[in-house]
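Okay, here's what each chain looks like letter by letter:
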Amino acid sequence: MNPVLKLLLEGGSLTTAQIAQVAGLSVSEVEQHLEQLKKDKILLGWRPVLDLSREAATAATVRAVIEVKISPERGGGFNRLAERLARFDEVESCYLMSGGYDLLVFVKGASLQKVAGFVSEKLSTIEGVLSTSTHFMLRCYKDQGFLLDVGEATTTRLNVAP
Amino acid sequence: MSNDPKRWVAGHVAALPKSGIRDFFELVAKMKGQDVISLGVGEPDFVTPWNIREAAIFALERGKTYYTSNLGMIELRRAISTYVTEHFGVDYRPEDQVIVTVGVSEALDLALRAFCNPGDKVMFHQPCYVSYHPSISLVHAQGVAVPTFAKDNFALTAEALRAAWQPGCKVLMLNLPCNPTGGTCDRVQLEAIAAFCREKDLLVLSDEIYSELTFEGTHTSIASLPGMAERTIFLHGFSKAFAMTGWRLGYACGPAALIDAMMKVHQYTMLCASIIAQEAALEALTRGWDSVLMMREQYHRRRDLVVRRFNEIGLKCHSPRGSFYAFPSVAATGRNEKDFASGLLLEQKVAVVPGSAFGDNGVGHVRACFATSYEQLIVACDRIERFVQAPQK
Ligand SMILES: Cc1ncc(COP(=O)(O)O)c(C=O)c1O
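Residues numbered from 1 in each chain as written. Chains lettered and ligands numbered in written order. Predicted model: local features only at pLDDT ≥ 70, side-chain atom pairs only at ≥ 80, totals over all residues. Heavy atoms only, no water.

### A word on the overall build of chain B
Argument step 1. Of regular secondary structure, chain B possesses 13 helices and 12 strands.
Argument step 2. Here the C-alpha atoms of chain B give a radius of gyration of 21 Å, agreeing with the 21 Å that 2.2 N^0.38 yields for 393 residues.
Argument step 3. The buried share among the 393 residues of chain B stands at 57%.
Argument step 4. In chain B, the share of contacts with a sequence separation of at least 24, taken over all contacts with a separation of at least 6, comes to 77%.
Argument step 5. Element-wise, carbon and sulfur atoms account for 54% of the exposed surface of chain B, whose accessible area totals about 16,000 Å².
Argument step 6. Between the averaged position of the 40 positive side-chain charges in chain B and that of its 41 negative side-chain charges there is a distance of 4 Å. (Helix = DSSP H or I, 4+ residues; strand = E, 2+ residues; numbered from the N terminus. Rg over C-alpha atoms; globule rule 2.2 N^0.38 Å. Buried < 20%, exposed > 50% of the residue type's maximum accessible area, 1.4 Å probe, protein only. Contact = heavy atoms within 4.5 Å. Areas by Shrake-Rupley, 256 points an atom, 1.4 Å probe, with all protein chains shown as cover. Lys, Arg positive; Asp, Glu negative; His and termini not counted. Charge placed at Lys NZ, Arg CZ, Asp CG, Glu CD.)

### Quick notes on the interface of chain B and chain A
Argument step 1. Contacts between chain B and chain A engage 32 residues on the former and 17 residues on the latter.
Argument step 2. Overall, the association of chain B and chain A removes approximately 2,000 Å² of surface from exposure, summing both partners, and the carbon and sulfur fraction of that is 55%.
Argument step 3. Here Glu 10 of chain A ties to Arg 301 of chain B by a salt bridge, and the two come within 2.0 Å at their closest N and O atoms.
Argument step 4. Considering every element that reaches the side of chain B that touches chain A, the biggest residue donor is helix α11 (residues 289-313) of chain B, with 6 residues.
Argument step 5. Residues belonging to the side of chain B that touches chain A are distributed by class as follows: 16 nonpolar, 6 polar and 10 charged. (Buried area = accessible area lost by both parts, 1.4 Å probe. Salt bridge = Lys/Arg side-chain N within 4 Å of Asp/Glu carboxyl O. Nonpolar A, V, L, I, M, F, W, Y, C, P; charged D, E, K, R; others polar.)

### What to know about the side chain of Asp 207 of chain B
Residue and element names in this part refer to chain B.
Argument step 1. Mapped onto the secondary structure, Asp 207 falls in strand β6 (residues 203-207).
Argument step 2. For the buried residue Asp 207, which engages in no salt bridge, the nearest side chain bearing the opposite charge is Lys 240, 8.5 Å off.
Argument step 3. Separated by 2.6 Å, the side chains of Asp 207 and Tyr 132 make a polar contact.
Argument step 4. If we ignore the near neighbours within four places in the chain, the residues touching Asp 207 are Val 104, Leu 108, Tyr 132, Leu 174, Asn 175, Leu 176 and Leu 235. (Polar contact = N/O pair within 3.5 Å; in protein donor to acceptor, adjacent residues only side chain to side chain.)

### Digging into helix α5 (residues 103-115) of chain B
Argument step 1. Its 13 residues place the ends of α5 of chain B 19 Å apart at the C-alpha level, agreeing with the 18 Å of an ideal helix rising 1.5 Å per residue.
Argument step 2. Buried within α5 of chain B we find Gly 103, Val 104, Glu 106, Ala 107, Leu 108, Leu 110, Ala 111, Leu 112 and Phe 115 of chain B. (Expected span 1.5 Å × (residues − 1).)

### Re empty space enclosed by the protein
Residues and elements named next belong to chain B.
Argument step 1. Overall, the coordinates contain 2 cavities of 30 Å³ or more when judged by the stated rule.
Argument step 2. Lining the largest cavity, in full, are Leu 176, Pro 177, Thr 184, Cys 185, Thr 214, His 219, Thr 220 and Arg 321.
Argument step 3. Of the residues in the lining of the largest cavity, the class split is 3 nonpolar, 4 polar and 1 charged.
Argument step 4. For the second largest cavity, the calculated volume is near 30 Å³.
Argument step 5. Lining the second largest cavity we find Leu 174, Leu 176, Leu 190, Ser 206, Glu 208, His 219, Thr 220, Ser 221 and Ile 222.
Argument step 6. Grouping the amino acids of the lining of the second largest cavity by side-chain chemistry returns 4 nonpolar, 4 polar and 1 charged. (1 Å grid on protein atoms, 1.4 Å probe; cavity = no way out; pocket = protein on both sides within 12 Å on 5 of 7 lines; lining within 4 Å. Points joined across faces, edges and corners; volume = space filled by probe spheres on them.)

### Some points on the pattern of salt bridges
Residues and elements named next belong to chain B.
Argument step 1. Evaluation of the coordinates by the stated rule reveals 28 salt bridges over all chains.
Argument step 2. With its nearest N and O atoms 3.1 Å apart, the salt bridge here joins Arg 302 to Asp 45. Pair noted here: Arg 302 is in helix α11 and Asp 45 is in the loop between β1 (37-38) and α3 (50-61), with a separation of 257 residues, a long-range link.
Argument step 3. For Arg 302, a relative accessible area of 3% corresponds to the buried category.
Argument step 4. A salt bridge links Glu 199 to Arg 162, with the nearest nitrogen and oxygen atoms 2.9 Å apart. One end of the pair, Glu 199, is in helix α8 (residues 187-199); the other, Arg 162, is in helix α7 (residues 158-164), and 37 residues separate them in sequence.

### Some words on the packing of α3 of chain B against helix α10 (residues 275-287) of chain B
All names here are of chain B.
Argument step 1. Contact pair α3 / α10: the axes reach a minimum separation of 8 Å and the direction vectors enclose 140 degrees. Taken together, the axis directions place α3 and α10 in an arrangement best described as oblique. Judged by the sense of rotation from one axis to the other, the crossing of α3 with α10 is right-handed. In this structure, α3 contributes Asn 51, Ile 52, Ala 55, Ala 56, Ala 59 and Leu 60 to the contact, and α10 contributes Ile 276, Glu 279, Ala 280, Glu 283, Ala 284 and Arg 287.
Argument step 2. Partitioning the contact of α3 with α10 into residue classes produces 8 nonpolar, 1 polar and 3 charged. (Axes fitted to C-alpha atoms, helices over the stretch in contact; angles between N-to-C directions. Parallel < 35°, antiparallel > 145°, perpendicular 65-115°, else oblique. Left-handed = near helix turned anticlockwise from the far one by under 90°.)

### Points about the domain arrangement of chain A
Argument step 1. By the assigned domains, chain A splits into domain 1 (3-39) and domain 2 (56-138).
Argument step 2. Here domain 1 of chain A and domain 2 of chain A have C-alpha centroids that lie 34 Å from each other. (Domains from an automatic or database assignment.)

Pasting the structure below:
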């Protein structure tokens with residue numbers, strides 16, 4: 001496996017220079033590896049993990065998950081419709097699912113009205129979308145591996161120990 | 001009559017030297033609030049994996065608050081027996097060849113108390129874990145230090161053992177991979193040590209607490225070598241591999257008659273290990289291995305990082321095959337290990353432990369624990385580099 005990818009998988013947030021030190025590579029080698037990962041469409045981009053509820057300007061942000069049933073098409077299955085849906089800026093993630101519905105869509109909006117509007121005006125009106133079931137998220141406890149706001153004890157390790 | 005309360009302290013306790021670690025601990029404590037990066041620790045930076053913590057919470061919820069049998073919960077002893085067979089290739093009966101203890105610390109103490117008469121000689125390789133020699137003194141036995149050397153990457157050699165051996169030696173304490181050196185022995189070296197133990201009829205106390213943290217090749221337990229299980233007490237615990245130092249849980253495995261002797265001491269002094277820790281340990285053994293592998297992989301990369309940096313900086317350092325300790329030489333800096341450690345702490349705010357805290361054979365070296373995040377390790381190495389390059393005060 002690409003040594004840089006291995007480190008990225010650990011989920012830390014090392015700078016290129018730090019990755020270079022840990023992996024025992026030069027900075028330019030790390031950059032080359034990152035370029036390669038992008039070329040191979042493995043590395044799609046970088047995103048911070050944020051607790052939006054703590055910032056006044058974003059505290060009203062609303063997230064929802066939507067179960068969407070769609071009708072598959074001859075030849076293309078679910079893909080054409082899923083990709084079409086996924087392109088909306090409001091959509092953060094979109095997955096094809098097994099089970100009782102077809103697509104699971106994560107959306108984000110500045111307010112309840114915005115998200116509701118997106119669902120009723122955009123999403124459900126797309127030809128081929130049979131039904132939607134929207135669940136608003138009330139509170140986030142863990143996001144992408146990060147716990148929010150729990151008092152995980154700050155380390156109490158002794159500084160010097162046998 | 002004297003009024004000094006010290007008159008009540010037993011002679012052999014009064015005579016114990018103050019731990020070099022303790023001295024250094026106090027020095028570091030004085031620098032509180034000063035952004036010290038500590039490589040002076042002896043435990044993982046990882047918190048115990050959540051499934052293990054959760055199992056302990058569940059145990060409490062179910063009211064598991066009682067004593068267990070002296071030897072420990074039979075379910076746990078079964079799990080230990082299976083684990084030791086799978087990972088070390090030695091079979092112990094859960095019923096009478098396994099005892100659960102309060103850390104490897106208690107297991108070591110039990111063994112020394114159970115097997116040493118006053119005056120018996122106990123060999124141990126040095127530099128070594130700080131408790132070994134004092135634990136020997138506490139049972140009125142006599143410690144015989146066997147040096148290990150940087151040129152051998154601090155592996156114990158049968159030659160050094162033979163050179164140090166004296167009439168009256170009864171026990172050999174082994175700690176491979178070793179705290180503080182990270183030294184290990186390969187199978188061939190171990191076989192030579194085993195042959196020597198059989199020749200001199202030594203009982204081996206093998207403290208393999210760092211064995212899961214072996215980065216290259218596989219760890220070999222001396223107990224798995226022919227003719228050795230019957231003369232070896234295998235000591236192991238959860239502190240390091242499972243990041244469970246604060247739980248205080250370990251175990252010893254060995255011939256039934258010897259475990260029974262240890263049990264006698266244990267039942268009168270400790271009764272049993274904490275049931276909550278035992279419940280957590282059961283979870284660790286049944287569902288904790290993936291976490292061990294994840295942590296080992298990180299230690300491995302951290303080791304490569306610090307060892308490479310130390311050597312680049314000019315602190316000659318062998319790559320420890322196991323443990324989370326690097327043990328570089330500071331000789332090239334022209335300082336002794338104590339001046340190096342205190343200078344580094346005061347000038348650059350990085351704590352490492354002077355090698356002499358681990359015995360005379362640790363002079364000229366410092367112990368740097370790499371169980372710390374990449375970011376911190378990089379900053380620590382940068383600071384050490386600045387310290388080494390700065391003109392000496
Ligand atoms: C070599 C060695 N043995 C034993 C121990 C103590 O282990 P436990 O936490 O199981 O008592 C340590 C801890 O630092 C150690 O390094």
